[in-house]
Every structure is written in C-alpha cells, then in structure tokens.
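Observations on the three-dimensional arrangement
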Amino acid sequence: MNVPFVDLHRQLEPLLPEIQDAFNSVIERCAFINGPEVKAFEKKMTEYLGLAGVCSLSNGTHALALTLQALGIGPGDEVITVPNTAFPTSEAIHLAGAEVVFADTAPGAFSLDPAAAEQVMTSRTRAIIPVHLYGIPADMDALMDLAEKHRLFVVEDVAQAQGARYRGRLVGTIGHAACFSFFPSKNLGAFGDGGAMASDDTELVKKVRMLASHGREEKYTHLIKGTNSRLDTLKAAQLSICLDHLDEWNRQRRQAAALYDELLQPYEEIIRPRVPQACEAVWHVYVIRYTRRDKLADFLNQRGIKTGLHYPLPLHLQPVYGYLGLAAGSLPEAEAACQQVLSLPMFPSITPAEIQAVCEAVGQFFETEKKK
Ligand SMILES: Cc1ncc(COP(=O)(O)O)c(C=O)c1O
C-alpha cells in the first residue's frame, strides 16, 4: 500500500465548497488586502487562544522577526533557541538584526534544555525562543522561571503546535508572545504562506501590526521603519473556516499517534516520541528515533511509504553559521536527534489501515535485517 507523507487534498476536500463560497464573496468585493475577513479571522483566533490580540501576517518567519523587533530586540542583542528546529526560527533572529545563540535540547527530548539555555546566556541575551517541535510542548514552566530570573522575553514558536496544551494551557499563551505559521501542511494551514503573532500585550500586537504595514497606523503617515507582511484577505477567509476544524483535526492526529505508539511498541530499537507529563501534543509530525534511520527510510520509501526528516542537519552545523565556530559535538543531544529522527506519515485523515501498513513495513525491515 502506498502511504503519502501528508494528504492535504483528502483533509480539505469536504471544506472546499464552503471555502469556494467564501472566496467568491471576497472576489465580488475585491478587498484583497485588509478586507473584513482579515479582522474576522484575527478575532476568531484571539478567541481560540483566549489572548488579548492577534496580528495576522504573511508568514511565520516574519511573525517571529517582527515580534522580536517589536520587543525592541535588534543589533547587539542575542536570542537563544534550539539547533534542531526549522531554519526560519533562527533566520528570524538575524532578520531582526540580533545574533542567534544555540543551546542544546534536553536529554531524551526535542525541546530546549533550560539548563543549557542558562549556560549560554550573556549580558546581551534578550530573549528565548522555545520551539514546540513536532507539536510537542516545550518545558514552559522551567523556561518561564529562567526568563523571569534573567529578565528575558519568551517568544514561543508555535509553528508546529497550534492547539497543543502544556499543563492545561494552550501553547502560545504562556510566553510574552507567540508566533504561528500557516504554511499549508501545518496543523492550521493556509492556501499558501501565512502566519500570525499573538500576545496579551496589546501594545506589542499593535507595534507588530505597524511594522507589518510599512510602519504606519494610517495611510500616508509612516511612524516607524517597517515592511510589508500582511495576510491576504483570501487566505484569512479560508483560515477562518479551517480554524473551526482545527481541534477535530488535532484529535485525529492524536488518534493516529496513539495507534503508531501501540503498533511500534514491539520494536525495541525504535524510540517513540515522548510527550511530557500533563501535556497534550498535536502531532504536526510523528517522529521516531532510530540509529540506522537512513536504511529504514530507504526501505519504507521503496515500498511506497513516504517519510520525512525534521531535520537532518542541526542549524549550528549549517554552512551559514560557520562563523559561530560551533564544531560537531558541541551540542550533542540535538546532533544525535538530527542523525536519528525519522518522520512517519501523519495527517488528520490518515486511516488505521495506512498506519498499519507503515508499521508492518517497519516490522518487515527488522525481519530483513535479522536475516542479514
Ligand atoms: C518551527 C518553525 N518555525 C518557524 C517556521 C516558519 O514559518 P513559515 O514557513 O510560515 O515562514 C516554521 C515553518 O516552516 C517552523 O516549522
């Protein structure tokens, strides 16, 4: 059986008539920028999060960069994050003009180790960006304590985790601000690029909105140096419809993850993803660890089972960060994770039969290996 890594068509098909109607009404009015659907989506997302404000943006990278900028972070400042995240997390730090500082992940986890973060702090550190990688909440209590102790901002990277809960609270509502990506395959995905930032600090949200709209509050008067990073009206209309389905889609992802957990249990060589106590993950991707993951990936891909790598090369070893002087071995937990991670097919409408087919293929892989 062929199993796709993600099947957006299957997920979105039932909603297409409603989305097409919404598109038609945007097209009739031709308010493609800042149409009423943008405000309506922001209001809906504000209510979903239970925060004071949301500013929709053109993508998640700009959400992070503009939020840092709005916090007054820029040249001469340092921001700490993990090296096993998507490149945009660190890219946003230098887009804001600040320097990225990588700290290792916690042993056995995929998220920022508070002790490692404290070790790399300097007098120039201004913020921490915890990443709720794969939809699994980071260690927020410890990170918030650390931030308070050192008077730092915490900007949550919720790109992969919208709807996940950390000890009952939605991720994205714990730090000083949160940034979201609506890249099409994200848990809440747009028909194209999209993003948002959210905060209980309405002045911060207002400042990001200004930055994203050429530094102005009103037409023709530019108060600060900004850019253009607005969410299109068409995408806002579509995202409003999809937001109503996010919790159900996340429930389906959790169900799929639970079945993977059960069916992969017999394979001791495989480390299944762990969710911290009292947390609820939303499984943007379901990532196992295995020391010979490239062999397993090849085996699965040859049998029509598509897998992914999130991410094969830690950011501190990317050519662009050579100037940081961080050699291989300097952040061993994240490096080991990058060598071992393998993302299995995961999307809301994946069927139990498909998950079974993936796990059976994993079983066949180990059978074949045993015979060698
Ligand atoms: C963890 C993480 N942060 C940030 C981003 C950036 O989002 P975008 O692709 O919308 O710019 C992504 C998505 O690629 C991501 O996965």
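Residues numbered from 1 in each chain as written. Predicted model: local features only at pLDDT ≥ 70, side-chain atom pairs only at ≥ 80, totals over all residues. Heavy atoms only, no water.

Helices and strands together make up the secondary structure of the protein, namely 13 helices and 14 strands. Projected onto its principal axes, the C-alpha coordinates of the protein cover approximately 75 × 55 × 35 Å. Here the protein holds 372 residues, and the buried ones make up 56% of them. Contacts in the protein between residues far apart in sequence, at least 24 positions, make up 71% of those at least 6 positions apart. If you sum the accessible surface of the protein, you get close to 15,900 Å²; carbon and sulfur atoms cover 52% of it. (Helix = DSSP H or I, 4+ residues; strand = E, 2+ residues; numbered from the N terminus. Buried < 20%, exposed > 50% of the residue type's maximum accessible area, 1.4 Å probe, protein only. Contact = heavy atoms within 4.5 Å. Areas by Shrake-Rupley, 256 points an atom, 1.4 Å probe, with all protein chains shown as cover.)

So, on to the sheet that holds strand 9 (residues 195-199). Sheet architecture is open: seven strands sit in the order 1-9-8-5-4-2-3, paired in mixed fashion. Taken across any chain shown, the strands that pair with only one partner, and hence form the sheet edges, are strand 1 (53-57) and strand 3 (99-102). Neighbouring strand axes in the sheet, compared pairwise and without regard to direction, differ in orientation by 25° on average. Looking at chain direction, strand 8 (residues 177-181) and strand 9 are connected through four bridges and run antiparallel. Of the residues in strand 9, the one forming a bridge with Phe180 is Ala196. (Pairing = 2+ DSSP bridges. Axes fitted to C-alpha atoms, helices over the stretch in contact; angles between N-to-C directions.)

Note that the residue after His310, namely Tyr311, is joined by a cis bond; omega there is 10°. With respect to the helices and strands, the residue Tyr311 is situated in the loop between helix 11 (293-302) and helix 12 (332-340). Even without glycine at this site, Tyr134 takes up a positive phi of about 65°. Tracing the chain through its elements places Tyr134 in the loop between strand 4 (125-129) and helix 7 (140-150). Taking the relative accessible area as the measure of exposure, Tyr134 reaches 2% and is therefore buried. At Trp283, a residue that is not glycine, the phi angle is positive and equals roughly 45°. Summarising the element assignment, Trp283 is placed in the loop between strand 12 (279-280) and strand 13 (286-289).

Side chains that differ in sign of charge can pair as their charged atoms come close. Scanning the entire structure with this criterion turns up 21 salt bridges. Between Arg209 and Glu42 there is a salt bridge whose closest N-O contact spans 3.1 Å. Remark: Glu42 occurs in helix 3 (residues 36-49) and Arg209 occurs in helix 8 (residues 202-211); sequence separation between them is 167 residues. Overall, the relative accessible area of 30% leaves Arg209 in the partly exposed class. Among the ionic pairs, Arg169 bridges to Asp141, the shortest N-O distance being 3.2 Å. Of this pair, Arg169 sits in strand 7 (residues 169-170) while Asp141 is found in helix 7, placing the two residues 28 residues apart along the sequence. Shared partners join several salt bridges into a network, and the residues in it are Arg292, Lys295, Glu369 and Lys372. (Salt bridge = Lys/Arg side-chain N within 4 Å of Asp/Glu carboxyl O.)

Inspection of the secondary structure assignment puts Gln160 in the loop between strand 5 (153-157) and strand 6 (165-166). Taking the relative accessible area as the measure of exposure, Gln160 reaches 5% and is therefore buried. For Gln160, the side chain forms a polar contact with the side chain of Tyr311, separated by 2.9 Å. Apart from residues no more than four positions distant in its own chain, Gln160 is found in contact with His132, Leu133, Tyr134, Gly135, Lys186, Asn187, Val282, His284 and Tyr311. (Polar contact = N/O pair within 3.5 Å; in protein donor to acceptor, adjacent residues only side chain to side chain.)

Quick look at the side chain of Glu42 now. Glu42 sits in the buried class, given a relative accessible area of 5%. A polar side-chain atom of Glu42 sits 2.7 Å from a polar atom in the side chain of Ser56. Not counting residues within four places of it along the chain, the set of residues in contact with Glu42 comprises Val54, Cys55, Ser56 and Arg209.

What follows is about the packing of helix 4 (residues 60-70) against helix 8. Running from N to C, helix 4 and helix 8 point in directions that differ by 120°, and their axes come no closer than 9 Å. Relative to helix 8, helix 4 is oriented oblique. Here helix 4 runs over helix 8; the crossing is right-handed. Taking contact as the criterion, the partners of Leu66, Thr67, Gln69 and Ala70 in helix 4 are, on helix 8, Leu204, Lys207, Val208 and Leu211. (Parallel < 35°, antiparallel > 145°, perpendicular 65-115°, else oblique. Left-handed = near helix turned anticlockwise from the far one by under 90°.)

On to the site of the ligand, then. Close to the ligand lie 15 residues, the nearest being Gly60, Thr61, Asp157, Ser181 and Lys186. Contact distances for the ligand include 2.8 Å between an oxygen atom and a backbone N or O atom of Gly60. In the environment of the ligand, an oxygen atom lies 2.7 Å from a nitrogen or oxygen atom belonging to the side chain of Ser181. When the free accessible area of the ligand is taken as 390 Å², the share hidden by the protein chains comes to 91%. For the shell around the ligand, the residue count by class is five nonpolar, eight polar and two charged. (Near = heavy atom within 4 Å. Nonpolar A, V, L, I, M, F, W, Y, C, P; charged D, E, K, R; others polar.)

This part covers the sheet that holds strand 6. Reading across the sheet, the three strands line up as 7-6-12 and stay open at both edges, with antiparallel pairing between neighbours. Of all the strands in the sheet, just strand 7 and strand 12 have a single pairing partner and so form its edges. The sheet contact formed by strand 6 and strand 12 spans two bridges and is antiparallel. In the sheet register, Arg165 faces strand 12, and the bridge partner there is Glu280.

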